[in-house]
Amino acid sequence: MLTTGPRGTRDILPDSSGYWQYVESIIREVCQNFAYQEIRTPIFEHTELFLRGIGETTDIVEKEMYTFTDRGKRNITLRPENTAAVVRSYLENKLYAGPQPTKLYYIGPMFRYDRPQAGRYRQFHQFGVEAIGAQGPAIDAEIISLAVELLNRLGLNDLKLLINSVGCPVCRPVYRTKLQEFFRDKVSQLCTDCQSRYDRNPMRILDCKNETCIEYSQGAPHMVDCLCEVCSSHFTGLKELLSAAGINFIINPRLVRGLDYYTKTAFEIQYAPLGAQSAVCGGGRYDGLIEECGGQPTPGIGFAIGIERVLLALEKQELLPPLNTAIDVFVAPLGIELQAVAFQILTEIRRANITADMDYINRSLKAQMKYANKYPAKFVALIGQDELVQNKVMLKNMETGSQELINRAELVHMIIEGMEK
Ligand code: HAM
């Protein structure tokens with residue numbers, strides 16, 4: 001137990017944390033281009049927020065939340081997603097008082113008690129974006145184009161953008177009744193989950209992965225054919241905007257997202273080689289969520305991308321950049337009695353903003369050179385008794401093999417000059 005982490009969690013080790021930093025740097029670059037600002041909300045929230053926000057009949061709320069009572073008897077949940085929390089923060093901090101729309105992004109861990117497998121974890125990381133306070137389809141197009149731009153900049157192609165409209169409180173009840181009519185004489189053939197979905201949330205039957213349910217839902221009516229005028233013209237507007245921007249999409253009338261807050265636009269980006277966990281990005285519009293959380297009626301739209309899944313896709317396509325562990329200087333004291341002076345030299349070098357390290361475990365000269373080469377280090381600064389007495393350092397250029405005895409006072413200057421060559 002002590003040497004094994006909880007199931008569904010993973011350590012991000014030094015040999016891969018550089019890849020995370022790389023992806024995060026591209027995320028920040030794209031968000032800056034699109035004028036989105038970072039928000040950091042807490043890892044845990046009141047459970048009530050997710051019950052109300054995500055919806056009590058969703059798999060996330062019913063089966064997947066990490067919920068506990070804290071020592072003050074509060075009901076707390078580790079965030080399974082961040083949209084509800086961003087909306088809570090938007091209202092609590094009165095972000096609606098600033099210029100609208102409020103355009104936010106976040107990167108961080110989420111927690112779901114899911115069945116772990118490749119690309120699915122219990123602690124995973126999302127990059128998400130939320131634009132709150134704009135009504136028309138242009139902001140939907142911007143949000144979708146941000147997701148596509150990020151994935152393209154990372155070099156991922158072969159992506160499938162699926163879009164749908166899930167309607168609004170005006171047209172969805174009509175569709176819901178139509179769906180129930182369609183499934184009425186098929187309910188007993190559906191899986192047990194879908195039998196309970198029939199009454200509570202029949203649209204979710206369309207999303208079921210069970211083969212029998214997929215078969216029985218063939219020919220089911222489509223939401224896009226039942227949209228009210230407002231939702232229909234919003235969807236048409238979005239399609240026109242995406243086409244104008246040259247963003248390819250596929251309309252998937254069966255796309256039903258697993259969170260209850262969605263209205264109108266719903267979308268997903270899939271990368272097929274990831275197999276069962278092919279969804280790298282999911283999002284949509286949530287025009288009722290802000291009001292549900294206690295605010296004025298305010299429209300919103302966003303998405304989240306699973307960072308682990310993006311990294312898996314980048315690895316599969318060999319798109320991860322080589323990681324650079326090189327340093328400029330390795331300081332090598334020839335004996336434990338020279339450690340203090342070596343440390344003094346190391347400190348001077350680092351203060352000049354030069355990347356440097358030294359030997360801390362009293363290695364032989366040969367072992368120190370081998371260690372320096374592993375980084376690799378561009379220079380090794382050798383300090384032995386002779387050098388100490390003369391107040392000098394032997395500076396070896398590891399690339400050319402040449403070495404030079406130089407005055408300590410000139411060391412930093414010489415290194416900088418050598419680095420520029
Ligand atoms: P979601 O579809 O539940 O949406 O999650 C978004 C993405 O997070 C998924 O497409 C997937 O890449 C990743 N993901 C989800 N669960 C796991 C898991 N167990 N392990 C690894 N990756 C996972 C949301 O969370 C919404 N909040 C998105 C949104 C933002 N909608 C509007 N604004």
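These numbers were taken from a predicted model, which means no experiment stands behind them.

Digging into the overall build of the chain
Part 1: Along its length, the chain carries 15 helices and 16 strands.
Part 2: For 421 residues, the compact-globule estimate of 2.2 N^0.38 gives 22 Å, and the C-alpha radius of gyration of the chain, at 28 Å, exceeds that figure by more than 25%.
Part 3: Principal axes of the C-alpha set define a box for the chain whose edges measure 95 × 50 × 45 Å.
Part 4: By residue count, 49% of the 421 residues in the chain fall in the buried class.
Part 5: Within the chain, contacts between residues separated by at least 24 positions form 68% of all contacts whose residues are at least 6 apart in sequence.

Considerations on the environment of Gly300
Part 1: With respect to the helices and strands, the residue Gly300 is situated in strand β11 (residues 300-306).
Part 2: A relative accessible area of 0% places Gly300 in the buried class.
Part 3: As a C-alpha pair, Gly300 and Pro101 span 199 residues in sequence and 8.8 Å in three-dimensional space.
Part 4: Once residues lying within four places of it in the same chain are set aside, the contact partners of Gly300 are Ala131, Ile132, Gly284, Arg285, Tyr286, Asp287 and Ile290.

Some points on the domain arrangement of the chain
Part 1: Once the domains are mapped, the chain shows domain 1 (14-171 + 227-316) and domain 2 (327-420).
Part 2: If you average the C-alpha positions of domain 1 and of domain 2, the two centres end up 50 Å apart.

Comments concerning the sheet that holds strand β10 (residues 279-285)
Part 1: The mixed open sheet is built from 8 strands, whose spatial order is β1-β5-β6-β11-β10-β9-β7-β8. Of all strands in the sheet, those with a lone pairing partner are β1 (37-38) and β8 (250-251), marking the two edges.
Part 2: By the bridge criterion, 2 bridges tie β1 to strand β5 (residues 102-111) in an arrangement that is parallel. Residue pairing across strands places Gln37 opposite Leu104, the latter belonging to β5.
Part 3: Across the sheet, helix α9 (residues 229-244) lies against β7 (159-165), β8, β9 (263-271) and β10, angled at about 160° from β7, the strand it touches most.

Structural notes on the site of the ligand
Part 1: Near the ligand there are 26 residues, and of these Glu81, Tyr121, Glu130, Arg257 and Tyr262 occur at the shortest range.
Part 2: A distance of 2.6 Å separates a nitrogen atom of the ligand from a polar atom in the side chain of Glu81.
Part 3: Between the ligand and Ala279, the relevant distance is 2.9 Å, taken from an oxygen atom to a main-chain nitrogen or oxygen of the residue.
Part 4: Protein chains bury 95% of the 660 Å² of accessible surface belonging to the ligand in isolation.
Part 5: Contributing elements (two or more residues each) for the shell around the ligand: β6 (123-132), β10 and β11.

Considerations on the pairing of β6
Part 1: Most of β6 is tucked away, with 9 of its 10 residues classed as buried.
Part 2: Two elements, β5 and β6, share 10 bridges in a ladder whose sense is antiparallel. Bridge pairing in β6 links Leu104 to Glu130.

Concerning the packing of aromatic side chains
Part 1: Considering all chains together, one arrives at 10 aromatic pairs under this definition.
Part 2: Look at Tyr105 and Phe127: their rings are 6.3 Å apart centre to centre, the planes differ by 70°, and that puts the pair in the edge-to-face class. Note that Tyr105 is positioned in strand β5 and Phe127 in strand β6, a separation of 22 residues in sequence. Of the two residues, Tyr105 and Phe127, neither departs from the other in class, the shared state being buried.
Part 3: One aromatic cluster in this structure is built from Tyr105, Phe127, Phe267 and Phe303.
Part 4: Across from the ring centre of Tyr121, 4.4 Å away, lies the NZ or CZ of Arg10, which sits over that ring.

Some words on helix α12 (residues 339-351)
Part 1: For α12, which comprises 13 residues, the first-to-last C-alpha distance of 18 Å matches the rise-based estimate of 18 Å (1.5 Å per residue) to within 8%.
Part 2: For α12, the complete set of buried residues consists of Val341, Ala342, Ile345, Leu346 and Ile349. Here the buried residues of α12 occupy an arc of 140° about the axis, which is enough to place them on one side. Of the exposed residues in α12, those oriented more than 90 degrees away from the buried face are Ala340 and Arg351.
Part 3: Where α12 is buried, its residues meet β12 (327-333), β13 (356-358), β14 (377-383), α14 (385-390), β15 (392-397) and α15 (411-420).
Part 4: In the stretch just after α12, Asn353 is the one whose phi turns positive, near 65°.

Brief notes about the sheet that holds strand β16 (residues 403-407)
Part 1: Spatial strand order, β13-β12-β14-β15-β16: 5 strands in an open sheet with mixed pairing. Edge positions in the open sheet fall to β13 and β16, since each of these has one partner strand only. Direction aside, neighbouring strands of the sheet carry axes that sit 25° apart on average.
Part 2: With 6 bridges connecting them, β12 and β14 associate as parallel partners. Across the sheet, Ala332 pairs through a bridge with Leu382, a residue of β14.
Part 3: Against the sheet, α12 touches β12, β13, β14 and β15, its axis set at about 170° to β13.
Part 4: Running over the sheet, helix α13 (residues 365-374) touches β12, β13, β14 and β15 and is turned about 170° from β12.

Observations concerning α9
At 3.6 residues per turn, the α-helix brings residues three or four places apart onto the same side.
Part 1: In a regular helix each residue adds 1.5 Å, so 16 residues correspond to 22 Å; α9 covers 22 Å between its end C-alpha atoms and thus fits that length.
Part 2: Taken as a whole, α9 has its buried residues at Cys231, His234, Phe235, Gly237, Leu238 and Leu242. With its buried residues spanning 160° around the axis, α9 presents them on a single face. Every exposed residue of α9 that faces more than 90 degrees away from the buried side is listed here: Glu229, Glu240 and Ala244.
Part 3: A positive phi of about 70° marks Gly246, the residue just after α9.

So, how was this worked out
Residues numbered from 1 in each chain as written. Predicted model: local features only at pLDDT ≥ 70, side-chain atom pairs only at ≥ 80, totals over all residues. Heavy atoms only, no water. Helix = DSSP H or I, 4+ residues; strand = E, 2+ residues; numbered from the N terminus. Rg over C-alpha atoms; globule rule 2.2 N^0.38 Å. Buried < 20%, exposed > 50% of the residue type's maximum accessible area, 1.4 Å probe, protein only. Contact = heavy atoms within 4.5 Å. Domains from an automatic or database assignment. Pairing = 2+ DSSP bridges. Axes fitted to C-alpha atoms, helices over the stretch in contact; angles between N-to-C directions. Near = heavy atom within 4 Å. Polar contact = N/O pair within 3.5 Å; in protein donor to acceptor, adjacent residues only side chain to side chain. Areas by Shrake-Rupley, 256 points an atom, 1.4 Å probe, with all protein chains shown as cover. Phe/Tyr/Trp six-rings, centres within 6.5 Å; stacked < 30°, edge-to-face > 60°. Lys NZ or Arg CZ within 6 Å of the ring centre and 35° of its normal. Expected span 1.5 Å × (residues − 1). Arc of directions from axis to C-beta.

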